[in-house]
Structure formats: C-alpha cells, structure tokens
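Survey of secondary and tertiary structure
The chain contents come next:
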Amino acid sequence: MQEMSNVIEIEDMITVGTLAERLMIPVSSLIGELMKNGVMATVNERIDFDTAQIIVEELKLDVSLARQATTEAAGPVRHKIVASDKAVSRPPVVAVMGHVDHGKTSLLDAIRSSNVAAREAGGITQHISAYQVKHNNRLITFLDTPGHEAFAAIREHGALLTDIVIIVVAADDGVKPQTIEAIRFARKAGVKIIVAANKMDKEGADVNRLKQELSEQDLLVEEWGGDTFVAEVSAKTGKGIPELLDMILLVTDVEELKADIDVPARGLIIEAHVEQGRGPMAYALVEAGTLKPGTFVVAGSSYAKIRNLENTEGVPVKIATPSMPVSITGFKTLPEFGDEFVAVANERAARHMAEAAAVEKQAAGGHSSVGSSELIRMINRNNEVQELNVIIKADVQGSLTSVIDSLKALDTEEVAVRVVSSGVGAIGENDLHLAHSSNAIVLGFNVSLATSSRQQAARDKVRVQLYKVIYELIDDVKNELSTLLKPEIVETELGRLVIRGIFNTTKTAVICGGEVTKGKLTVPALARVMRDKESLGEVEITGLKRGPAEAKEVFEGEMCGLSFSTKHRIDLQEGDHIELFTRQAIERSL
Ligand code: GDP
C-alpha cells in the first residue's frame, strides 16, 4: 500500500516564519533554500503559495501543500493599463519558463548571442534579467525571471507586463511538474503560450510524445486543431531559433500590442543591486511613457533623479520607450525587485511618495502594497495641496465605493482627502497601526469598533469616527478639510500720518511727530512707512501722545507724537507717511 504524505494547508500568502513553523523545520533552512532559488526573504516577509510549494518540493520533505480556502481578498489587484487611441505599437515582452535543466538559460543565451547587435568579442559574460533582440528588423524583449518564475513579484506585476510565455520543455524529458506549473501560471495570467521543444539535437528527443503530454495538460498544438505553437529548437546548435522568433512576431501581430508614450513613464523594477563606483543600479522595464535622464522616478520607497540610462548591452540611451529594459542610475536607495516605478514631476513629489510608500510598507509588515492607482493619483497632484489622511472601513463594497467617491469630490486645488487605505469589514488592529503611522483619521461607515480596538485607539491617540449616515461623514470630513485651508488675511486701513519731526532713532525704535491726515491712529497697530509710493518697511506702533499725555487714539487733523518699533533700521525723513492698519486672519470653509 502506498503511504500518503502529510498535507499541510497554507494561505495564498504566508510569512517565511509561519511556513517554517508549519513544516517544522528551522527558519534558517527555509531562508537558505529560498536564497538558493533567488528569493531574498526575511522571516517576516511573505511568499506566495506557489513559491512555498516549489521550496517544499526542493526540500524533499514528506509533505505536500494545499491551498487553504480563504475569504481574505488576495493582495493588491493591478489592472493592465488601457492604451489610448494615441498609443503606438510596442515590442512584445516574452518570458521564458520551464522545468529546471530543460534549457531556459541556454535558450535565452542562444537567442541573445545570435541576435543582439554587434558586440565586442568575448560573448556574453554578464547575466542580466532582460534584453532586447532584433529579428526581421523588429524588437523583441526577453525577460528572465530569477530563480523560479512563479515567485510573487513576477506573479503580481510581471505577468501583466508579459505578453508571451515561452515554455521550454526538453524534448528528451517531456512535461515535468514545473512545466505544468508554468502552463498554469501563463493561463492564469492570460498570456499567450509558445512551447519551445528544446534539445532537439539529442538522441532521445521525441517531439510527438511531447505534444501528446502537452495535450494532457489541455494544451493542444496547432496541427491537432489547437492554438499552441510548438517550435523545435536546440539551444546548443541554434537550430530552430529563427523560427521560434518568427512565431513570437506572429503572435505579436495578432495581439496588436500598443502603449502610450506621452504619459508619465511607468513600469517595473526587474533587478536592483549596488554596483561598485556607481551606487544603486536598477533595471527597469518600461510599460508606458518615455524615460529620460533627469526624470524623477519613484519605485516603492526609493526614488531617483535619473542620472544615466543604459540599454542592457551597457550602451547609454537618451530615452527608454515601452517594452524597453534599461538600467537606471541615480537611485538614493536600492529599489526592490518587483516594485512598480512611476515618473513624477519633481523631487518633492518623488520624496513625498517614497516616504508614503515606506510608511505603508512598514504598516504592512514589510510587504509593499502601494497600488498603482494610488501612485497615479499622487503624480497628478499638485504638491502644494494640503492633505487629510483617512482610512475608510465600510460594511459592504457598495457603501465603501460611495464613501470614497463622495470624499474625492471634496478635493480642491488647496486641500484633498488622501485615502491611505480602505476596505470592507470591522476596524481592526492593522487599520489602527496604519492610522497611527500615517497620521490618519479612521472613518467607519456602518461598522463597529471592538472594545480592545477602542482601547488601542485611545492609547495611540488615533481618531476613530463611526457613522451610519453618509452625509454626516462627508460633513465632518469637509469641516476637517476646512481646517487645513490657509486662513484668509484681511487688512483694514485705520489712518494716515505725515511726519513733521523726528526725535529719536535707533536701529529698532523711532520716536517722531506729525499730523493725522486721514482716519484715526490707535495703539497698538501695524503700520507701513511710505516715502511717496514706496514702502520702507512694516513697523509696529508702540505709543501715541497727544501733547505730553499718552493717548489711545488720535484723529484726523490732530498733531501727535508717535513711537514705533521696527525690525530693520528705517531712516525716516520729514514728509514720509505712516499708514496704520490692522491685520486679521479669517478662517475659511469649503
Ligand atoms: P535551465 O535550468 O532550464 O536554465 O537549463 P540550462 O540552460 O542551465 O540547461 C541545462 C543543461 O542542459 C545544461 O547542461 C545545458 O548545456 C544543456 N542544454 C540546454 N539546452 C540544450 C540543447 O538544446 N541541447 C543539448 N544537447 N543540451 C542542452
């Protein structure tokens, strides 16, 4: 009788620490195995189910993983950018996947070495995460995925940048677990699949058996009535590679791939490391827009004023357009693989967004979660805007959407509501942590606050406001926004005096006398010293005298003595005027 292995249920995303605990292995061995596969994760970082599954397989433990049914929404959902009608054609982005040792690396290298523009002798020494080749005078972008391609960052973001997945299968070995995994991944991401039947030069290569095995995975090849192309290649001899590239271009034509180029540039960080003498270096794949040296970009909690752009052959370029992988120098800190980047207007916006991302990342326990819509919203925002940070929780999605929409409608050129986070359900510990670290107010609509959370909120001085009526919520936020409006400054003219004599002048005080020519003078008051139409400075009236006696007020036509204090020396002359006024700050409301 066959022995059943243990089945362990885990969530879609699990921290390294928790996984090690469930597997009953030391956390260090798990981290080590992840590193071997190119994933640098600390104990508190989360990995996805597929990553966990691969690692468990590699560890050869007598357990298998199963997905735990979960009601929790899966990570940040990112949507493909919709191209406008001004969009232009762009090269396809192709990822290569497959079972270990089936020849992914060899195939990528073979394509690169035979098609990249002339390069000095010595061939490829450096391994890079993406490159572009020219075939039939058209560009194709290849994306190499570190370790195993199913890793979280590529899954979350990269899949949406990938147009075509080439599944490499060694024709002498056939379909294997990671082949199936790759097929599943490509299907889920909704990308086109091309199969490269590799190692066709080898004795045991059997493409018909391979096609049969593919059909068992519901991947029906073209000649059997399906829509899957199979290219017979040898990464070793180079045979079949031009045909594979032809197929890629054929699929590209059918897909009509387009991107806008005159929008703020955005894309994905596909590699980042510190290079000696050059500082942090990031490889980025442009998704839309155009990158140039001098552009400010934000990626997660790092930002850069782009110093240099180079293509993946190390050649400096002036611009990087959609589907182009480029290296960027100028980052202050190292961005992370899988971070989305966006171009912003200036350094202030860049810093602001990077800081906001850092706060969110911290709140999310090291897991970055700034959504792209949030980034885009922030780019388009004038930097002088005063923002009110809020966290919104509501009972159902419908009411959440109406609350958010109503609050967004309150935005003006001066003040705006920034939704730091929002969600459906009760206000929990995480919301309060995030509110505390991002200085946000928590707004609950038709949701409750548990006693323990209430205590936590009081302890952390987090404001939580609960509502059952949407108009009350909006009114309160409106009032709150009003307090952020700069008060209106109103000056009221009081009276005017012409100088007839100067009695004493120091650097900071003047005693003089004159005649009130208009209105009345009072003390205290502010005043401007005027010579003809020019202001010599603003002063503060400190005393008034009618004859020898102190006075509170003197009126038009009267003579008086006057003392004022000044911040800078004013060389007063007879005939100068002093104009008295009061200044009030008046609060405004929306
Ligand atoms: P990866 O793990 O999928 O990246 O596989 P590699 O590219 O490292 O290749 C694994 C092994 O297969 C290496 O020893 C390669 O030299 C060999 N290999 C790859 N492609 C071919 C091929 O087309 N023909 C032959 N004969 N060997 C190949």
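Remember, predicted model here, so these are calculated numbers, not experimental data.

Turning our attention to the overall build of the protein. When its secondary structure is counted, the protein shows 14 helices and 30 strands. Long-range pairs, those at least 24 residues apart, make up 71% of the contacts in the protein with a sequence separation of at least 6. With the model as given, the accessible surface of the protein reaches about 29,300 Å², and the carbon-plus-sulfur share is 50%.

This next bit is on the pattern of salt bridges. Per the counting criterion, the structure on display carries 22 salt bridges. In this structure, the salt-bridge partner of Glu538 is Arg583, at a minimum N-O distance of 3.0 Å. Within this pair, whereas Glu538 is found in strand E26 (residues 534–546), its partner Arg583 is found in strand E30 (residues 577–586), the two being separated by 45 residues in sequence. Here the salt bridges share partners, and the residues they tie into one network are Glu491, Arg528, Glu538 and Arg583.

Near the ligand there are 15 residues, and of these Asp101, Lys104, Thr105, Ser106 and Asp201 occur at the shortest range. Between the ligand and Thr105 there is a distance of 2.4 Å, counted from an oxygen atom to a side-chain nitrogen or oxygen. A distance of 2.7 Å separates a nitrogen atom of the ligand from a polar side-chain atom of Asp201. Protein burial of the ligand: of its 570 Å² of free accessible surface, 71% is covered by the chains. Here the element with the most residues in the shell around the ligand is helix H4 (residues 104–115); it accounts for three residues. Looking at side-chain class alone, the shell around the ligand contains two nonpolar, seven polar and six charged residues.

Formed by 26 residues in total, the largest nonpolar core has its most connected members in Leu107, Ile111, Phe142, Ile166, Ile194 and Ile248. Taken together, the elements giving at least two residues each to this core come down to strand E6 (93–98), H4, strand E7 (130–135), strand E8 (138–143), strand E9 (164–170), strand E10 (192–198), strand E11 (229–232) and helix H8 (241–255). No other element matches the seven residues that H8 contributes to this core. Excluding its chain neighbours within four sequence positions, the residues that come into contact with Ile111 are Tyr131, Val133, Phe142, Ile241, Leu244 and Leu245.

Turning to helix H14 (residues 470–484), a few remarks are in order. Compared with the 21 Å implied by 1.5 Å per residue over 15 residues, the 22 Å span of H14 between its first and last C-alpha is a close match. What H14 keeps buried is the set Ile470, Leu473, Ile474, Val477, Leu481 and Ser482. In this structure, the buried side of H14 is in contact with strand E19 (386–394), helix H11 (397–408), strand E20 (415–424), strand E21 (441–445) and strand E22 (464–467).

Taken as a whole, the protein shows an average pLDDT of 82; of its residues, 87% reach a score of 70 or greater. When the elements of the protein are averaged for pLDDT, helix H10 (residues 372–379) gives the smallest value, 34, and E11 the largest, 96. Residue range residues 70–79 is modelled with pLDDT below 50. Its contacts to residues more than four positions away, or to other chains, number eight contacts.

Quick look at the sheet that holds E10 now. The mixed open sheet is built from six strands, whose spatial order is E7-E8-E6-E9-E10-E11. Only two strands of the sheet have a single neighbouring strand rather than two, namely E7 and E11. On average, each strand axis in the sheet is inclined to that of its neighbour by 30°, with strand direction left out of account. The strands touched by helix H7 (residues 207–216) within the sheet are E9, E10 and E11, with E11 carrying the most contacts at an inclination of about 155°.

For the pair helix H12 (residues 429–438) and helix H13 (residues 451–460), interaxial distance at closest approach is 10 Å and the crossing angle is 10°. In terms of their interaxial angle, H12 and H13 are classed as roughly parallel. Residue-level inspection shows Glu429, Leu432, His433 and His436 of H12 in contact with H13, the latter providing Ser453, Gln456, Ala457 and Asp460. When the residues that make up the contact of H12 with H13 are grouped by side-chain class, the tally is two nonpolar, four polar and two charged.

The geometry of an aromatic ring pair comes down to the distance between the two centres and the angle between the two planes. Enumeration over the complete set of coordinates arrives at one aromatic pair. Pairing Tyr131 with Phe142 gives two aromatic rings, centres 5.7 Å apart and planes at 35°, and the pair type is tilted. One end of the pair, Tyr131, is in strand E7; the other, Phe142, is in strand E8, with eleven residues separating them in the sequence. As far as burial versus exposure is concerned, Tyr131 and Phe142 are alike and both buried.

Turning next to the environment of Leu139. Relative to the helices and strands, Leu139 is located in strand E8. Separated by 184 residues in the primary sequence, Leu139 and Ser323 place their C-alpha atoms 9.2 Å from one another. For Leu139, the contacting residues outside a window of four places in its chain are Pro91, Pro92, Gln132, Val133 and Lys134.

Here we come to the sheet that holds strand E14 (residues 279–288). The sheet built from six strands closes into a barrel, its strands ordered E13-E14-E17-E16-E15-E18 with antiparallel pairing. Between one strand and the next, the sheet's axes are offset by a mean angle of 45°, whatever the strand orientation.

Next up on the list: helix H1 (residues 16–23). Those residues of H1 that fall on the buried side of the exposure criterion are Val16, Gly17, Leu19, Ala20 and Leu23. Along the long axis of H1, the arc covered by the buried residues comes to 165°, so they all point the same way. Residues of H1 that are buried sit in contact with strand E1 (6–10), strand E2 (13–15), helix H2 (27–36), strand E3 (46–48), helix H3 (49–58) and strand E4 (63–67). A positive phi of about 60° marks Met24, the residue just after H1.

Relative to the assigned elements, Thr290 resides in the loop between E14 and strand E15 (296–299). At 2.9 Å, the side chain of Thr290 and the backbone oxygen of Ile261 are in polar contact. Setting aside residues up to four positions removed in sequence, Thr290 forms contacts with Ile261, Val263, Ala265, Ile319, Ala320 and Thr321.

A word on the pairing of E20. In terms of burial, E20 is largely enclosed, as seven of its ten residues are buried. On the question of chirality, the crossover connecting E19 to the parallel E20 by way of H11 is right-handed.

Let us now look at the environment of Ile319. Along the chain, Ile319 turns up in the loop between strand E16 (302–311) and strand E17 (325–331). Residue Ile319 is classed as partly exposed on the basis of its relative accessible area, which comes to 39%. Put simply, Ile319 and Thr290 are 29 residues apart on the chain and 6.4 Å apart in space, counted from C-alpha to C-alpha. Once residues within four sequence positions are removed from consideration, Ile319 is found in contact with Thr290, Leu291, Lys292, Leu309 and Met324.

Turning our attention to unusual backbone geometry. Excluding glycine, most residues fall at negative phi; most peptide bonds, likewise, are trans. Note that the residue after Val523, namely Pro524, is joined by a cis bond; omega there is -5°. Within the secondary structure, Pro524 is located in the loop between strand E24 (509–522) and strand E25 (525–531).

Turning next to the side chain of Glu33. With respect to the element layout, Glu33 can be found in helix H2. Those residues within four positions of Glu33 in sequence are excluded, and the remaining contacts are Ile55, Glu58 and Leu59.

Cut-offs and rules
- Residues numbered from 1 in each chain as written.
- Predicted model: local features only at pLDDT ≥ 70, side-chain atom pairs only at ≥ 80, totals over all residues.
- Heavy atoms only, no water.
- Helix = DSSP H or I, 4+ residues; strand = E, 2+ residues; numbered from the N terminus.
- Contact = heavy atoms within 4.5 Å.
- Areas by Shrake-Rupley, 256 points an atom, 1.4 Å probe, with all protein chains shown as cover.
- Salt bridge = Lys/Arg side-chain N within 4 Å of Asp/Glu carboxyl O.
- Near = heavy atom within 4 Å.
- Polar contact = N/O pair within 3.5 Å; in protein donor to acceptor, adjacent residues only side chain to side chain.
- Nonpolar A, V, L, I, M, F, W, Y, C, P; charged D, E, K, R; others polar.
- Core = buried A, V, L, I, M, F, W, Y, C linked by side-chain atoms within 4.5 Å.
- Buried < 20%, exposed > 50% of the residue type's maximum accessible area, 1.4 Å probe, protein only.
- Expected span 1.5 Å × (residues − 1).
- pLDDT = per-residue confidence, 0-100.
- Pairing = 2+ DSSP bridges.
- Axes fitted to C-alpha atoms, helices over the stretch in contact; angles between N-to-C directions.
- Parallel < 35°, antiparallel > 145°, perpendicular 65-115°, else oblique.
- Phe/Tyr/Trp six-rings, centres within 6.5 Å; stacked < 30°, edge-to-face > 60°.
- Arc of directions from axis to C-beta.
- Right-handed = clockwise from strand over helix to strand, strands pointing away.

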